[in-house]
Each structure stands twice: as structure tokens, then as C-alpha cells.
Amino acid sequence: MGWKQLAACLATAFVATTALAAEPWAEKTNALGASGKEVSGKLTAAELEKLIATGEELFIARYTVNDGAGRPAATQAIVPTKRRHPVQNAFSRTSGADGNACSSCHREPVVGGAGDFTANVFASEGFESADFDTTDPQFSSERGTNHLFGAGLIELLAREMTADLQSIRRDALLEAHKSGKSQRVKLETKGVDFGWLTVEPDGIADMSELDGVDMDLVIRPFSQKGVITSLRQFTINAMNQHHGMQPNERYGKRWTGTDDFDEDNFPDEMNAGDVSALVAWQATRPVPTRQVPDIEGWAEAAARGEELFNSTGCSSCHMESLPLKSPVFDDPGPVDVSGTLNRDQVKEVASYDLSLLPWFKTLPRNEKGEVLVPLFGDLKRHTMTDARGEELGNELMAQRFVDRNIFMTAELWGVGSTAPYGHRNDFTTLDSIILAHAGDAREQRDAFADLPEADRSAMIAFLKTLVIEQ
Amino acid sequence: MRQHIAKRILALAIAGAAIPTVSSGEDQTEAASPFTGDVPSMQEEALAAGIDHQYTGPWEFFVGGGAASFDCNGDRLPDLAIAGGSSEAALYVNKSPIGGALKFEKKDLGLPERELKSVLGFYPVDIDNDRQMDLVMLRLGENIILKGGKDCTFEKANRLFSFSGGREWTTSFAATWEAGMTYPTLAIGNYVDRSAPGTPFGTCSDNYVFRPQAAEGPDYSQPFTLHPSYCSLSMLFTDWNKSGQMSLRVTNDRQYYRGGEEQLWQLPDGRPPRQYTSSEGWQQLKIWGMGIAQADLNVDGYPEYALTSMGDTMLQTLDEEAEDERPVYRDMAFEKGSTAHRPYVGGDKRPSTGWHSQFADLNNDTNLDLFIAKGNVEVMPDFAAFDPDNLLLGGFDGKFHESGNEAGIALDTKGRGGVVEDFNADGMLDLLVVNRKHNVNLFRNLGAKTDWGHRPLGNWLKIELDNGKINPNAIGAKINVRSGTLTQVRTVQAGGGHASGQVGFTHFGLGVSERAVIRVQWPDGEWSAPYRVFTNEHVVIRRGADAAQYWFPVSQ
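On a predicted model such as this, the values are computed, not experimentally measured, just so you know.

Q: Would you take a moment to explain the nonpolar core for this structure?
A: Soluble globular proteins tend to pack their nonpolar side chains together in the buried interior. Grouped together as the largest cluster of nonpolar side chains are 119 residues, with contacts concentrated most on Leu-153 and Leu-379 of chain A together with Leu-461, Ile-463, Leu-465 and Ile-518 of chain B. The dominant element in this core, judged by the number of residues it contributes, is helix α3 (residues 151-179) of chain A, at 11 residues. Once you skip the residues sitting within four places of it in the chain, Leu-461 of chain B turns out to touch Val-481, Thr-506, His-507, Phe-508, Leu-510, Ala-516, Ile-518, Val-533, Phe-534, Thr-535, Glu-537 and Val-539 of chain B. With 76 residues, the next largest nonpolar core counts Phe-104, Trp-288, Phe-371 and Leu-391 of chain B among its residues.

Q: Before we go on, may I ask you to explain the pattern of salt bridges in this structure?
A: Proximity of charged atoms lets side chains of opposite charge pair with each other. Tallied over the entire structure, the rule returns 54 salt bridges over all chains. A salt bridge links Glu-142 of chain B to Lys-156 of chain B, with the shortest nitrogen-to-oxygen separation between them at 3.0 Å. Separated by 14 residues along the polypeptide, Glu-142 of chain B in the loop between β7 (134-139) and β8 (144-148) and Lys-156 of chain B in strand β9 (residues 154-156) bring together distant segments of the chain. Note on Glu-142 of chain B: relative accessible area 29%, which makes it partly exposed. Between Arg-436 of chain B and Glu-378 of chain B there is a salt bridge whose closest N-O contact spans 2.5 Å. In this pair, Arg-436 of chain B is assigned in the loop between β27 (430-435) and β28 (441-450) and Glu-378 of chain B in the loop between β23 (369-374) and β24 (390-394), connecting sequence segments 58 residues apart. Grouping residues by exposure puts Arg-436 of chain B and Glu-378 of chain B together as buried. Several salt bridges share partner residues, and in doing so they unite Asp-214, Asp-216, Arg-220 and Arg-381 of chain A together with Glu-514 and Arg-515 of chain B into one network.

Q: Can you walk me through the environment of Asn-207 of chain B in this structure?
A: Residues and elements named next belong to chain B. If you trace the backbone, Asn-207 turns up in strand β12 (residues 207-210). For Asn-207, a relative accessible area of 1% corresponds to the buried category. In the structure, Asn-207 is positioned 18 residues away from Thr-225 in sequence and 6.0 Å away in space, judged by C-alpha atoms. If sequence neighbours within four positions are ignored, Asn-207 has contacts with Ile-188, Gly-189, Asn-190, Phe-224, Thr-225, Leu-226, Ser-229, Ser-232, Met-235 and Val-250. A polar contact of 2.7 Å, which involves the side chain of Asn-207, links it to the side chain of Ser-232.

Q: Can you help me understand the packing of helix α4 (residues 231-243) of chain A against helix α7 (residues 272-283) of chain A in this one?
A: Residue and element names in this part refer to chain A. Orientation of α4 relative to α7, taken along the N-to-C sense of each, is 115°, at an axis distance of 9 Å. The crossing of α4 and α7 is right-handed. Along its contact with α4, which presents Leu-231, Arg-232, Phe-234, Thr-235, Ile-236 and Met-239, the element α7 presents Ala-272, Val-275, Ser-276, Leu-278, Val-279, Gln-282 and Ala-283.

Q: Hey, could you run me through the domain arrangement of chain A in this one?
A: Put simply, an interface is often sized by how much accessible area is lost when its parts join up. All names here are of chain A. In terms of domain boundaries, chain A breaks down into domain 1 (3-146 + 225-283), domain 2 (151-206) and domain 3 (289-325 + 370-467). Computed from C-alpha coordinates alone, the two centres of domain 2 and domain 3 are separated by 28 Å. Facing the 13 residues of domain 2 at the interface are 12 residues of domain 3. Regarding the contact of domain 2 and domain 3, the summed buried area is about 1100 Å², with carbon and sulfur atoms giving 75% of it. Of all residues in domain 2, Ile-154, Leu-157 and Lys-190 give up the largest surface area on contact with domain 3, accounting jointly for 42% of the area buried on that side. There are zero salt bridges connecting domain 2 and domain 3. Remark: the boundary between domain 2 and domain 3 carries three residue pairs in polar contact (both at pLDDT 80 or more). When contributions to the side of domain 2 that touches domain 3 are tallied by element, the ones reaching two or more residues are α3 and β5 (192-199). For the side of domain 2 that touches domain 3, the element with the most residues is α3, which contributes eight residues.

Q: For this particular structure, what's the right way to read the interface of chain A and chain B?
A: Counting residues at the interface gives 38 residues for chain A and 36 residues for chain B. Buried surface at the junction of chain A and chain B, both sides included, amounts to about 3400 Å², of which 61% is carbon and sulfur. Summed over the shared surface of chain A and chain B, the number is four salt bridges. Residue Arg-220 of chain A is joined to Glu-514 of chain B by a salt bridge in which the shortest nitrogen-to-oxygen separation is 3.2 Å. Across the contact surface, chain A and chain B share 15 residue pairs in polar contact (both at pLDDT 80 or more). Of all the secondary structure elements, the ones that give two or more residues to the side of chain A that touches chain B are α3, β6 (204-206) and α6 (253-256) of chain A. Broken down by class, the residue content of the side of chain A that touches chain B amounts to 15 nonpolar, 10 polar and 13 charged. Pairing between β6 of chain A and strand β39 (residues 549-551) of chain B: two bridges, direction antiparallel. Directly across from Ala-205 of chain A, in β39 of chain B, lies its bridge partner Tyr-550 of chain B.

Q: Whenever I open this one, the packing of helix α2 (residues 45-60) of chain A against α7 of chain A confuses me. Can you help?
A: Two quantities define a packed helix pair, namely the angle between the helix axes and the distance between the axes. All names here are of chain A. Taken N-terminus to C-terminus, the directions of α2 and α7 make an angle of 100°; their axes are 7 Å apart at the nearest point. When the axis of α2 is compared with that of α7, the two are roughly perpendicular. Touching Leu-51, Ile-52, Thr-54, Gly-55, Glu-56, Leu-58 and Phe-59 of α2 are Asp-274, Ser-276, Ala-277, Leu-278, Ala-280, Trp-281 and Gln-282, all from α7. When the residues that make up the contact of α2 with α7 are grouped by side-chain class, the tally is eight nonpolar, four polar and two charged.

Q: It is not clear to me how the sheet that holds strand β5 (residues 104-107) of chain B should be interpreted in this structure. Could you clarify?
A: Backbone-to-backbone hydrogen bonds pair the strands of a sheet. The strands run either parallel or antiparallel. All names here are of chain B. Pairing is mixed across the open sheet formed by five strands, whose spatial order is β5-β4-β3-β2-β34. Each edge of the open sheet is held by one strand with a lone partner, namely β5 and β34 (501-502). Sheet topology places strand β3 (residues 79-82) next to strand β4 (residues 90-94); three bridges connect them, and they run antiparallel. What sits directly across from Ala-81, in β4, is Leu-91.

Q: Sorry, what's going on with the side chain of Arg-456 of chain A here?
A: Tracing the backbone shows Arg-456 of chain A in helix α11 (residues 453-463). For Arg-456 of chain A, the contacting residues outside a window of four places in its chain are Asp-431, Leu-435, Phe-448, Ala-449 and Leu-451 of chain A.

Q: What exactly am I supposed to notice about unusual backbone geometry here?
A: With the exception of glycine, the majority of residues adopt a negative phi angle, and the majority of peptide bonds are in the trans configuration. With an omega dihedral of 0°, the bond running from Ala-419 of chain A to Pro-420 of chain A counts as a cis peptide bond. Tracing the backbone shows Pro-420 of chain A in the loop between β13 (406-408) and α9 (430-436). Put simply, Thr-199 of chain B and Pro-200 of chain B share a cis peptide bond, and its omega is 15°. Position of Pro-200 of chain B relative to the elements: it lies in the loop between β11 (185-190) and β12. Unlike most non-glycine residues, Arg-76 of chain B shows phi in positive territory, near 65°.

Q: Explain the state of the cysteines to me, please; I cannot follow it from the model alone.
A: Linking two cysteines covalently through their sulfur atoms gives a disulfide. Taken as a whole and judged by the stated rule, the model has two disulfides over all chains. Disulfide pairing places Cys-72 of chain B opposite Cys-152 of chain B at an S-S distance of 2.1 Å. Across the disulfide from Cys-72 of chain B to Cys-152 of chain B, rotation about the S-S bond amounts to roughly 80°, and the bridge is consequently right-handed. With Cys-72 of chain B in the loop between β2 (67-70) and β3 and Cys-152 of chain B in the loop between β8 and β9, the pair connects residues that are 80 residues apart, well separated along the chain. Across a sulfur-sulfur distance of 2.0 Å, Cys-204 of chain B and Cys-231 of chain B are joined as a disulfide pair. Its S-S torsion of approximately -105° makes the covalent link between Cys-204 of chain B and Cys-231 of chain B left-handed. Of this pair, Cys-204 of chain B sits in the loop between β11 and β12 while Cys-231 of chain B is found in the loop between β13 (223-226) and β14 (232-238), placing the two residues 27 residues apart along the sequence. When its relative accessible area of 0% is taken as the criterion, Cys-231 of chain B is described as buried. Disulfide partners in chain B, listed by the sequence order of the bonded cysteines, are 1-2, 3-4. Free cysteine Cys-105 of chain A: the closest other cysteine sulfur is in Cys-102 of chain A, separated by 9.2 Å. Here Cys-317 of chain A is not cross-linked by a disulfide; its sulfur's nearest cysteine counterpart is in Cys-314 of chain A, at 9.1 Å.

Q: Sorry if this is basic, but what is going on with the pairing of strand β22 (residues 354-360) of chain B here?
A: Looking along a regular strand, one sees the side chains alternate between the two faces of the sheet. Residues and elements named next belong to chain B. With seven of seven residues buried, β22 is to be regarded as a mostly interior element. Examined bridge by bridge, β22 and β23 share five bridges and lie antiparallel to one another. Within β23, the position partnered with Gln-358 by the bridge is Phe-371.

Q: Looking at this structure, I do not really get the sheet that holds strand β32 (residues 486-491) of chain B. What am I missing?
A: Residue and element names in this part refer to chain B. Spatial ordering of the open sheet is given by β32-β31-β36-β37, a layout of four strands whose pairing is antiparallel. Each edge of the open sheet is held by one strand with a lone partner, namely β32 and β37 (531-534). Each adjacent strand pair in this sheet contributes to an overall mean axis angle of 25°, direction not counted. Pairing geometry for strand β31 (residues 478-483) and strand β36 (residues 515-521), over five bridges, is antiparallel. Considered in β36, the bridge of Val-481 is made with Ile-518.

Rules behind the numbers
As a convention, each chain's residues are numbered from 1 in the sequence order in which they are written. By the order in which they are written, chains take letters starting at A while ligands take numbers starting at 1. Reporting of local features is limited, given that this is a predicted model, to residues whose pLDDT is at least 70; pairs of side-chain atoms are given and counted only at 80 or more, and all residues count toward the totals for whole chains, interfaces and linings. The basis for the side-chain values is all heavy atoms of the structure; hydrogens and waters are excluded. The definition of a nonpolar core used throughout is a set of buried Ala, Val, Leu, Ile, Met, Phe, Trp, Tyr and Cys residues joined through side-chain atoms within 4.5 Å. Type-normalised accessible area, obtained with a 1.4 Å probe on protein chains alone, sets the label of each residue: buried when under 20%, exposed when over 50%, and partly exposed for intermediate values. Only DSSP runs of H or I covering at least 4 residues are called helices, and only runs of E covering at least 2 are called strands; the numbering of each starts at the N terminus. Here a residue-residue contact requires only that any non-hydrogen atoms of the pair lie within 4.5 Å. Basic side-chain nitrogens of Lys or Arg form a salt bridge, by our definition, when they fall within 4 Å of a carboxyl oxygen of Asp or Glu. Polar contact is defined as a pair of N or O atoms within 3.5 Å, subject to the rule that within protein one atom must be able to donate a hydrogen and the other to accept it, and that residues adjacent in sequence are counted only when both atoms are side-chain atoms. The axes used here are C-alpha line fits, helices contributing only the stretch in contact, and every angle between their N-to-C directions lies in the interval 0 to 180 degrees. Note on convention: near helix rotated counterclockwise from far helix by under a right angle means a left-handed crossing. Clockwise means right-handed. Residue ranges for the domains trace back to a domain assignment, done automatically or taken from a database. Buried area counts how much accessible surface, traced with a 1.4 Å probe, disappears from two parts once they are put together, with both parts' losses summed. Polar here means any residue other than Ala, Val, Leu, Ile, Met, Phe, Trp, Tyr, Cys and Pro, which are nonpolar, and Asp, Glu, Lys and Arg, which are charged; Gly is therefore polar. Following DSSP output, two strands are said to pair if at least two bridges run between them. For classification purposes, an angle smaller than 35 degrees is called roughly parallel, one larger than 145 roughly antiparallel, one from 65 to 115 roughly perpendicular, and anything else oblique. When the sulfur atoms of two cysteines come within 2.5 Å, that pair is taken as a disulfide.

Structure follows, in C-alpha cells:
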């Protein structure tokens, strides 16, 4: 066969493949690419609605090899990393790819929700021993799947807190330079105490008194550990780890020299627009609400339980709400670094106002007009074990510089809809997870344990009113 | 493939011959795969930044033209001392706002006019361990050591340090702290002896190694003569064989020596330096050696060396097939695409003339890049007249990709010395090039150019070491930075390049990594604990400290 005949055959085959791929029943995800290469500008309500709809399609899509699912030559690592050896199976429940759709795990009580023990994931750096086939905690940290409701507000809170903390640092540096004296400043934002920072006149910072935040003073509000900066970063990490779908803003030519880093013969599997759609869907999930079952005595018990929740000190970390100044969500955001798009990496960010969404109007405001986000959390990390309590210390590995027994305060909104509990879904009841608290929560845990049975029950009644609407 | 091998053999054969080497008739970029990473956009702004400075003078200043980058006022921003040849050398204090336009203010070096003139190069090194950076001025005539004081003040310290500046034509320098020594060993490389019969051909002055004598302060009264010497234009202390003991790598200009070659000297403890010989594996190589840059490109602990010359730049790696402990090198410049043998723009097909060379990651993608200053010696007709500086960006294909034109550094100047350094503390490396009979070029790295402006490059990390009371800047230390499965290594050095040196933060490009782990092998060989740090930060590692400290620049 001459090269002309060969070319003709290839062209025919390509046309046939293209035609088949365009059929409504094609085994691929049509929403991929639907948002364009990038999403930018201030979105109208209609544009946002369309983006969210595309994001939902991408969230529930069961990705196929025709989309680029699978990563035969790449590990689950957040930094593009080649496998050392080929693997026999494209999917692995442990080291991944381990999910067909985002909604495979984020599904309780509805899509975007949490996962029960069945949907646990295995967090591993993916560098050494990346292809583990065991649940032994020396290879990975087994984690429950978190829900995503209210995630947009969580990220906005974290961005504002990061800006506050870094502003405190900057002011201290300027003052130290100006005065020629070291400055020790309290790192507090939105009523949450992150310890102290001391800076010297020459610009050297002493981080030894930081509490619950990374040394770059970035609040990373996502994951059980509080090590993920943004929904965008989370999305890119998860698409690679769980599906083998590699967004080109991290795995593409710019950073790897190839458009097919995972060597599945599918180039540029996800563009920035696809990631933006997924972010938009997650960022606009409604906030969990309070619902008291119409059962006699529950309302009274819940009211009593909420008082006890405060009086026992649980609310010192599970803070009922944090105030948010601006509901405008910019994507990409201000904090991510190269490998995840940030606002400096694009011509114009996509910007949407979460206050335009129906659920937002239900949120209370404080006297400053700030929206009170009822997360029941503080976006801070705490030590969760001590000599008398090791139940939450069942991991062996630190994650991204955070020790094995340190976790971010779980936001309790939606907790009534997301059993089981704990970072590994080890606890089937709220009572048992509360009693498992230790370390920084020792005092509060003991206060709960010392309550009469009826009061402990009341607190459970209260917590069960914090639900995700179905 | 056969054609490729033939070309390589041709290049290797020519490398030892007496004509300018040109690897092939094709531009190396034609064969290379396209570069897909960020090309840094380098904006020239020397005059706007307040630097109006030329390197001038007759034949004696056809070579030299160096600069030193170092902090002389404690603000951790790199200041500059720039040689002027027949013009006065000058000090420029960095006043750049963080991440902003570059800005320098000229400051008096405090020397008489006659000492400010005839300067060919500068190297910074804290000789007396007082944490005020000293400067070694390479001169035509007496070399001068300037002892640094507070707020960028200096005083001549030749007498204080019992250092004889000599009367030679000095063109190269290197320093190292040998084992157990309080003060550094200095190497001084000289060029043509203009007073010898038959000069200039075959009349190279000897080089010297100044070991500190036992005394309370630096005492350099007893130099060793490095004989033979072959008109050395760059020298560098290097641990070529991972022995923990420094050797002295010297690159020499075949234009003037007779019977000479490239050199590698052993420095046995307490004994005179001794040159490696052919019986020990050292292969004779004759080039117009102008500058040395070192990097461990394959992270095997054995450094690679870029040697600039006329025609091909060489990229030497220890030959894996050679017996252990034998300094047998092979040139891999052709296979790596880094020969940079002729101008890449402008159409002049004559060979290039390379001077300063320096490895650095200018686009923060984790791959080391290679900068080479280029420029005709003066009006040598067999060599390119328009000879732009090179920016060879390291690719993920393991090769270098010429990107000087796209980066904006392909200017019609005669480059000599240079410094790749982050002058505005934004994590993106900028570039100073000292030019002959033309103002310096000071390029600010703006990031990657897009159709809407510039976007930041990859993540980065800058590391300052504090080795303690002796050798506070940790000259000779190795820094390992690990992110994921990737480990990068840099060695803190004083010497090399072309008449130019720098001391300060050591820069790493980290691509898409958000975090990294640092380990330091201190100059005496001791390893540090691992330090976990976030990227896009300046960190300071003090020997023995439990954690790395962060430094935050503040615009004044």
C-alpha cells in the first residue's frame, strides 16, 4: 500500500471515528470541552446557570477511555509523576484510579454529598510505593469522603482569612523594619486564633508559635486534614487520582513537555474550562440547613443540646458561624500556586456572585452586614490525640507536612446527613465520635462525657438537625 | 542515526584541534523537539534602573568585564560591583521594589581613581568570616581585596590580609575553605605576561593558590605557584569525584599559550597543588576557554561543566565508561543541544565567541537552563560580529533549547561577564550582562509572555545558608531540594563564570510543586536534617537549626 492509500484509509477511519463519537450514544462525556478552553468575565445568572449545569454533568459523568480516563503511566501524585512499572489493571480500589464518577463517592444523601465507609479513599503522596494494593496505613491514609455543600463559602472564608493573616504579617514586617525592633503579633482572623508570629527588623520570621496554620499563612480549608487550598486544586488532584483524567493546567505541555503525560494516547484530557465548570458546580452547592424532625420532643431536645454544645466548649472550635465579607467567587482564585491556575495566570477570572443564588438569601448577617456562614467550624487544624485518647490517631503518615494526628476541625453543617463519622468513617454514632476526641479537644470531650445521659442525648438531637436538604 | 553519530564524532574530533569548532552545518534547533514550556520575557532596563556602565579599554580589556552580585547592606537584596576596564569600576546598591522595576543607586567604593581603573572582574567572598562581604578585585596590575564594612563600605585589606596583589594581568579567581581551615584558600588566575620576551604568544603568567597561614586573621603571605599555567580565563574549585575534597578546574585560552591545555589540579591537604596528568586519565583538551559553569545535571553527584570557547561551548560529563577515580570526560553538548556554536539569529554563520556561562532555572520549570554571554573579542574577522547571548532553556526532553531571541536578550552587544540573579526578590531570575564598549544589559524577568500580558512562571524556592562562624556563606555546601520524586542539587561556589561571581540566595525552580524538602550537605560533609518548606518563599537555613526560617522582603 502506498502512502497515499494509507493516508486515505487513515482519513476514512478518522471520519468514521469522529462521526461515531458525535452520536448521542457515544461512550464519552459530551460535557467535556463544552465550557470552552477557559471561562472568564463576570458571569450573568444565565451564564452561571449554564456553567453549573455543565459542571454537574462533569461531576456525575462516568468517564471512559474515550474521555481519557485511566493513567497507565502516571501515579496519583499531585505533581506529575511517572509510574515506575506498568500496572495490570487500569483501576485499583486502593491506589487508583478508583472511581468512575465524582458522584460515585460524593453521593450521600444526594449528589455532592459525603460517602460512607464503602466510599473511603486512600490518600497517598503517590511518589514512593505508589502502586500499593493494601489498606495498610503505612502506604496510605484511609479517609472518608467529605460532602461539598457550602464549599464555595468555605473557600471564600479561607481566602479572606488568608488575606487577613498575611496582612498582619506584612504590617508587622513594615513596623519591625521601621522601628528596628522585633514585632510579636497575634494572628487572629474572624475570631479564630492562629497563634503568634514574631518578625525581626531584617525580615526574618519566627514561626514557632504558629497554631493550626501552615507557615505560609495560607488557610487550606479542604480535606480532612486541611491541606487543600481551593476547589480548583482539589478538582485537579481528584480528577487525576480517582479517574486518571489529567487537567492540562498541571499535567499538560507547559509543565511536562507532553500533552499525554499519562500515556493513554489521549492528549489534553481536561482543559481549564472543564475544571472551571466543576468548580462552579461545587462552589454553588447550597449550604446545609437546620431541620428539626416533626417528632414530639425533638425541638426541645435540640434547643437544649445546642445550649450544651456551647456550654461544654464544643463551639470553641466548631464555631457556629464565621463572617464573610464578600460573596463574590472568583475562579481561579488568589491563593493557588503554579500547577493550579490562579488569578495571575489568566487574562481575566470568571466571577460569580453567590448571593444571587436562592439559598444564599437564607443566611443571616451581622451588624456589619457580613454574611454569617453557619459552618460549625473554624478552618483550623488541631491535635486530636493525647496519652488517654488515640482513637483518632490511627494514621501512620503525615500528609503535606501535617502530622498524622492533626486534623482540621470538621465542619458540622450537614453532619446529620453524613454518617458515619471521623476522618476514616470509623464511628457509626455521633456519641462515639465525640467521645473519641482528645488532644486539643480533651477538655470539651470530658465535659461531654460528664454530662448526664439525657444531656448527651440532647446534644445528639441538636447535631442531627444539621442536615443537607434532599 | 548514522548521520547523527558521524556528526558527533566530527564534533569530538574537532574539539581537540586547532580550529574553531562548529558541530554541524545545521542549526541545532532544527533537530530539537519544540520547547513547550514557558520562555521568560526579559525586559532590558539598565538605564531606567540607574546603571550606565561600560567595560572599556584597549587589548588588555578585550577579556574580563565581570561583575559581583552580593548583599553589602544587610537587606538581602543583591547589590552589584561592576568592572570597568579602562573606565572606573563601580558599586550599585539595589533599591528595587519587591517584584517591581529594577532600581540601583551608584555608591562610592571608597578607592582612589587609579585603583578603580584597570579592573577586569569581581568576586565576592567573606574572607575574614565577619559577615560583611569582601570583594576580590581582579586587575591589570595589583589585585585588591576589599574588606566589606557596614552599609556598603569597603577598605583595602591587602596589607591586613598579607595579600600581595602582584603585578600580573589577572583574569580569574576561585575560593574554597579547605578542611580544617578558618579562612579560605584563594586561587588567582593570570593571563599573558606582557613583559616576557616574545609576548604575547607563549608567555602566560603563572597562577597562584593562596592558602591561609596559621595566624589570628587571614594571612596570605605564602602563595603556591601553579606551574605551568596557560592564560587562564576562569577557574573553579570543584569536587569532581565526590571525594569531599576540592580540586581546581582551570580553563585556558589557547590563543596565547603554547603546549598548554585545560587543567585540573589536586589540592592535597597541607601539600602543594598537583596537576592531574594523562596517566591519571586527564585528557588533553585545547580550547579558547573563557568561562566555567558547573551543575549536576543528572544528579549523580558528579558535576557537569559547561566550558565556553570560540565556536562550540562544551558540556563535559564524567565518562561512565572510564575507570573509577579517573577524570575522564566526554563532551555531550551536541546530544544535549547546547553547543551554541554560532549565532541563532541575525544570519551571521561565523562561529560565536562565548564568555560567561551560568546554569540557572530562569523559567522555574525544574530544568536547569544555561546562559552564555557572547561577543566578538573585538573585530576578529573569522568570528561572528553580531553574536547574541544565549539562553538555552532546559526541556523535559533532556535537551537545551535556544530561546534567547524569544526571551528578548538577542541584542547587538559584546557580552563578557554576567550574573543571573533575582534582583527584585520575586522568585524569577533576572540577568545582568557586562558588555564591552556598551552599557550593561540589565534584564528584568517579567514572566511568560501571553497575548494579554505576562503570567508568572513556575514555583520557586530561594535558600540562604548560614554555616556558622567559619565560612558563614557555606561555600562548598551542596543543597538538595526534593519535590515528589525529583531531586535537584546545587553547589554553593565562589569562582567560575567569566570574571564574575555571586553570593546570596541559591535559587531553585520548582514547577508545579507546592512544597519541597531541603537537605544540606555542609562544606565539611555533614548532612543536615531535612527541612520542609513551602515554595515561593525565601528561606534561611542555619546550621544545626531545627527548622528553616522564612525571610520576607519588604519594599521600602
